[in-house]
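Examining the three-dimensional arrangement
Now for the letters of each chain:
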2 protein chains.
Amino acid sequence: MIKLDYSNVLSERIGEEHGISLEDIESFQEQIPKIEEEINLRRDTDFYFMNMPFQNLERIKEVGKNIRENFEYFVVIGIGGSALGNQTLNESINGLGYNYKKYPKFFVLDNVDPEKFSSVLEQIDLKKTVFNIITKSGSTTETVANFLVILNMLKSYVGEDWKKYLIITTDPQRGFLRKFADQEGIISFDIPKNLGGRFSVLSNVGLLSAISSGIDVEELLEGSRYAYTVCSNSKILENPAYLIGVIHYIASTKKGKSISVMMSYSERLSLFVDWYRQLWAESLGKEGLGQTPVKAIGSIDQHSQIQLYIDGPKDKIVTFLKVESMERDFKIEGDVPAELEYLKGKSLKQILDALMEGTKTALIKASVPNLTISIEKLTPYSIGMLIYIYEMATGFSGLLYGINPFDQPAVEEGKNFVYGLMGREEFEEKLQEYNLLNKSSSILEV
Amino acid sequence: MIKLDYSNVLSERIGEEHGISLEDIESFQEQIPKIEEEINLRRDTDFYFMNMPFQNLERIKEVGKNIRENFEYFVVIGIGGSALGNQTLNESINGLGYNYKKYPKFFVLDNVDPEKFSSVLEQIDLKKTVFNIITKSGSTTETVANFLVILNMLKSYVGEDWKKYLIITTDPQRGFLRKFADQEGIISFDIPKNLGGRFSVLSNVGLLSAISSGIDVEELLEGSRYAYTVCSNSKILENPAYLIGVIHYIASTKKGKSISVMMSYSERLSLFVDWYRQLWAESLGKEGLGQTPVKAIGSIDQHSQIQLYIDGPKDKIVTFLKVESMERDFKIEGDVPAELEYLKGKSLKQILDALMEGTKTALIKASVPNLTISIEKLTPYSIGMLIYIYEMATGFSGLLYGINPFDQPAVEEGKNFVYGLMGREEFEEKLQEYNLLNKSSSILEV
């Protein structure tokens, strides 16, 4: 179902300097028992995502069914881990152009960019829209700001029925939105206390919008349960999460590969790559460690980034994503001029595959390590697998690095300056610090 | 109109280790006469983009007017430099959601991903669509493949009138498409012989779709002419292109900043960042040199990448893009619960600005060099300026690095393997080499 081809990271193929030997990989085998003990110990705390494949879906399916029957627009208000997963499921499983064909149309208000906000508003009808407000803490600035604007609009446009247009997904106890939902009697879902935002796509966070857009979430979890089993295999060479983790760890710490490019040769996985970017960056980017994840789309970025990947600094490891079988294809038929004879009878998918093979081979020749993940078909099952494998690869990698992959302490600093700037009580000192740090300016104005 | 704040790259603000001193910057002043001599020498060859601001637009405006009157859909068939610029102009100037409001609706077929191809086809009506096929060489695989599929469809659906639905933009003499256009009498535009794809947005490549979507291209060129003047200033501290170039060059070669993040706090500049990615990567990623450009969108990526930027490896310089005045805004009004009091009366734009300031200040505190480019308003004029400034910054940087910023030799290798794989004549050896390089496989299948 999913194939992980790691031939092109091996030193036998790309040489000693940039390649990794099988022995390098296998030398990590002795650390596995200790890591697995650690994972088991933290399974119900930090590694809580491991429990998601085994959820009961009865209630959420019922609410989802209700939404499909009563609304024409579904808008997620959330950001980061409360938005990327929802978008990933919709795009990868429902396919491109879902909103042109199906109901309820699906939108995400993540940014507070007012022009983005406005463009979403223009495409929906408030009276036919359900808003799913998602925030773990119940107080994420962007999310509550967007929510407060929408709330005010709802009260004007639909009057006292406004509560029927809201569903709140948040912490079971803490935060403003939990209190608000309970006081006002608004339908709500819990985000498990120990589940981090970027690991939450297979929880209530990602599942409600998925069900509402017609995705078979039972199959999605089935795929993740299968991946759970596969990722419980203690042998590195048989466990895709461990293999991805070990290869990237070696590349990063011993081969100078500070950048992890994920290049998808399927546009339906474009948002999956954004989801991966958050998972990889926020989990592992700590204490001076970690890799910078970079998104690329094939073949488009062959005409943009490949020059750099091949002939620029040798600081990259590339993961190609390939979908074996696509739902549509188009053949080059009819008259084909002589100089383009090589395209005759080929289909776009065949050409896309050849473009990926050509790029891979050019990378091999330039000694740029690369792996290929081939997915037979984009289905709820395969996406459930892929998500779980990457969640485990990330958690596992954190333990290899000796850091905590489940926190994001460096994000707090910026938030505190924002509170200071916006005049929030108890953050007056942060405003002073802001002013101090931004004292003089060197500006060129043209 | 455009402000470049470089306070936060200076060592007086972020310290000696990661910061740059004013003296560092000014020490490059002595190289300027030689570089300017070089630029002047190559102005009509490699630096041909410098002539674009002074074009005559009569014919293209007439054809564009015709399109606006006769078609409901405008589809660019092109990739890389023949697609990114078109998309940038449309999104940044026409704003988000253009296709929901205006005609002709604008689409790009760049990838050969058949599911993407299919999703565009579903949104257009062939009988009301004009296709602008854009390729410098006249033979780019993706472009001619997509074109041949469309051509065949057109012949079936609209019959002998098919030529009226095509406009070809390509080399004045060379290539299959030039010959095809001339033989069949199809409307065509030239891409100047010496103008490279990634520097072509202000030529016929980018302008026809811009005019057709109602953009005032005279104003666009006027902005680029103003930038031309500004970028002719020999003083580094007064020339935005030189200043951007020198700062990134020092950051890259002396401060270990191998990654150039461009983080836009306006979603309308999202595709501008993709355009920049190509410009920076393909021009400067050579001979082991150059920076990897990374795209980020604020505030979304605060919840995805900022943990890494602050606490991960210190290998980044960040450019923030800010738009001072937006076309829409929304205020938080009505009842605001006590714990969110700090948001009361604020607008989304004010919050967005505070989020950027908070992030910038957290980066200062973590000694991550960052610059801010503030654009008063997104207009044809300011976008014309911005594009020209970055084109010149890139060309100028290439001369600092001592490489040729106008070629992309490393891209050829992959293309040749593709020809080999697809059975093109005279590429049999490449197929053999492909087979040799991909001989054995290490695959994990789950």
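Quantities reported herein were computed from a predicted structural model and do not represent experimental measurements.

For chain A, the count of helices and strands is 18 helices and 11 strands. Taken over C-alpha atoms, the radius of gyration comes to 23 Å for chain A, in line with the 22 Å a tight globule of 446 residues would show. In terms of its C-alpha atoms, chain A occupies a principal-axis envelope of roughly 65 × 60 × 60 Å. Counting every position in chain A, which comprises 446 residues, the buried fraction comes to 60%. Relative to all contacts within chain A whose residues are 6 or more apart in sequence, the contacts with residues 24 or more apart total 74%.

Let us look at the interface of chain A and chain B. Between chain A and chain B, the contact holds 122 residues from the first and 122 residues from the second. Here the element with the most residues in the side of chain A that touches chain B is helix α15 (residues 348-365) of chain A; it accounts for 13 residues. Partitioning the side of chain A that touches chain B into residue classes produces 56 nonpolar, 35 polar and 31 charged. The pairing of strand β11 (residues 443-445) of chain A with strand β1 (residues 2-5) of chain B spans 3 bridges and is antiparallel.

Let us look at the relation of the copies chain A and chain B. Between chain A and chain B, the superposition needs a rotation of 180° and an axial shift of 0.0 Å, giving an RMSD of 0.0 Å. The superposition of one copy onto the other is thereby described by a two-fold rotation axis. Relative to the rotation axis, the closest C-alpha in chain A is found at V294(A), a distance of 3.3 Å. In this assembly the copies share their binding face: 100% of the residues contributing to the interface of chain A also contribute to that of chain B.

Bringing the pairing of β1(B) into the picture now. As defined by bridge partners, β1(B) adjoins strand β10 (residues 370-375) of chain B across 4 bridges and the pair is classed as antiparallel. Following the sheet pairing, L4(B) is matched in β10(B) by I373(B).

Another aspect to go through is the environment of K155(B). As for its position among the elements, K155(B) is in helix α8 (residues 141-157). C-beta crowding within 10 Å serves as the criterion here: with 14 such atoms nearby, K155(B) is assigned to the partly exposed category. Other than its neighbours up to four places away in sequence, K155(B) contacts G334(A) and W162(B).

Residue and element names in this part refer to chain A. We note that the domain assignment places domain 1 (2-39 + 221-401) and domain 2 (51-215) within chain A. Between the C-alpha centres of domain 1 and domain 2 there is a distance of 31 Å. Facing the 23 residues of domain 1 at the interface are 21 residues of domain 2. Those elements giving two or more residues to the side of domain 1 that touches domain 2 turn out to be α11 (217-230), α13 (270-284) and α16 (380-401). Per-element accounting of the side of domain 1 that touches domain 2 gives the leading share, 9 residues, to α13. The residue makeup of the side of domain 1 that touches domain 2, split by class, is 12 nonpolar, 4 polar and 7 charged.

With that settled, consider helix α7 (residues 114-121) of chain B. Most of α7(B) sits out of view: 6 of its 8 residues are buried. Burial in α7(B) covers these residues: P114(B), E115(B), K116(B), F117(B), S119(B) and L121(B). In this structure, the buried residues of α7(B) make contact with α15 of chain A together with β3 (105-109) and α8 of chain B.

What follows covers unusual backbone geometry. Excluding glycine, residues mostly carry a negative phi; peptide bonds, for their part, are mostly trans. With omega at 0°, the peptide bond leading from G298(A) into S299(A) counts as cis. Mapped onto the elements, S299(A) comes out in the loop between β8 (292-297) and α14 (306-311). If you check the backbone angles, E287(A) has positive phi at about 50° while not being a glycine. Summarising the element assignment, E287(A) is placed in the loop between α13 and β8. Backbone geometry places S367(B), a non-glycine residue, at a positive phi of 60°. Examined against the element boundaries, S367(B) turns out to sit in the loop between α15 (348-365) and β10. By the C-beta count within 10 Å, which is 17 here, S367(B) ends up partly exposed.

One open sheet accounts for 6 strands, arranged β11(A)-β1(B)-β10(B)-β9(B)-β7(B)-β8(B); its pairing is mixed. Unpaired on one side and paired on the other, β11 of chain A together with β8 (292-297) of chain B mark the two borders of the sheet. Geometrically, the sheet is characterised by an average inter-axis angle of 15° between neighbouring strands, direction not taken into account. Pairing of strand β9 (residues 316-323) of chain B with β10(B) involves 6 bridges; the strand directions are parallel. Each bridged residue has a counterpart across the sheet, and for V323(B) the counterpart in β10(B) is I375(B).

Turning next to the sheet that holds strand β3 (residues 105-109) of chain A. All names here are of chain A. Overall, parallel pairing links the 5 strands, which are arranged β3-β2-β4-β5-β6 in an open sheet. Each of the sheet's edge strands pairs with one partner strand only, and the pair in question is β3 and β6 (188-190). Averaged over all pairs of adjacent strands, the angle between strand axes in this sheet comes to 15°, irrespective of strand direction. As judged from the 5 bridges shared by strand β2 (residues 73-77) and β3, these two strands associate in the parallel manner. Among the inter-strand pairings, V76 is bridged to a residue of β3, identified as V108.

So, on to the nonpolar core. I247(A), I389(A), I247(B) and I389(B) are the most contacted members of the largest nonpolar core, which has 300 residues in total. Not counting the four nearest positions on each side in its chain, I389(A) is found in contact with A227(A), C231(A), P240(A) and A241(A).

Next up on the list: the environment of Y228(B). Residue and element names in this part refer to chain B. Position of Y228 relative to the elements: it lies in helix α11 (residues 217-230). A count of 20 C-beta atoms within 10 Å places Y228 in the buried class. With 133 residues separating them in the primary sequence, Y228 and T361 have C-alpha atoms 33 Å apart. Not counting chain neighbours up to four residues away, the residues in contact with Y228 comprise M50, P53 and Y388.

Residues and elements named next belong to chain A. Burial runs high along β2: 5 of the 5 residues are buried. Residues Y73, V75 and I77 point to one face of β2 and F74 and V76 to the other, with burial holding for every one of them. The pairing of β2 with strand β4 (residues 129-135) spans 5 bridges and is parallel. Residue pairing for β4: I77 is matched across the bridge by I133.

Right, let's get into the environment of Q305(A). Within the secondary structure layout, Q305(A) lies in the loop between β8 and α14. Spatially, the C-alpha atom of Q305(A) lies 44 Å from that of S188(A), the residues being 117 residues apart in sequence. Contact partners of Q305(A), with chain neighbours within four places excluded, come to A296(A), R277(B) and A281(B).

Quick notes on the rules
- Residues numbered from 1 in each chain as written.
- Chains lettered and ligands numbered in written order.
- Predicted model: local features only at pLDDT ≥ 70, side-chain atom pairs only at ≥ 80, totals over all residues.
- Helix = DSSP H or I, 4+ residues; strand = E, 2+ residues; numbered from the N terminus.
- Rg over C-alpha atoms; globule rule 2.2 N^0.38 Å.
- Buried ≥ 20, exposed ≤ 12 C-beta atoms within 10 Å, placed from the backbone.
- Contact = placed C-beta atoms within 7 Å.
- Nonpolar A, V, L, I, M, F, W, Y, C, P; charged D, E, K, R; others polar.
- Pairing = 2+ DSSP bridges.
- Least-squares fit on C-alpha atoms with pLDDT ≥ 70 in both.
- Domains from an automatic or database assignment.
- Axes fitted to C-alpha atoms, helices over the stretch in contact; angles between N-to-C directions.
- Core = buried A, V, L, I, M, F, W, Y, C linked by C-beta atoms within 7 Å.

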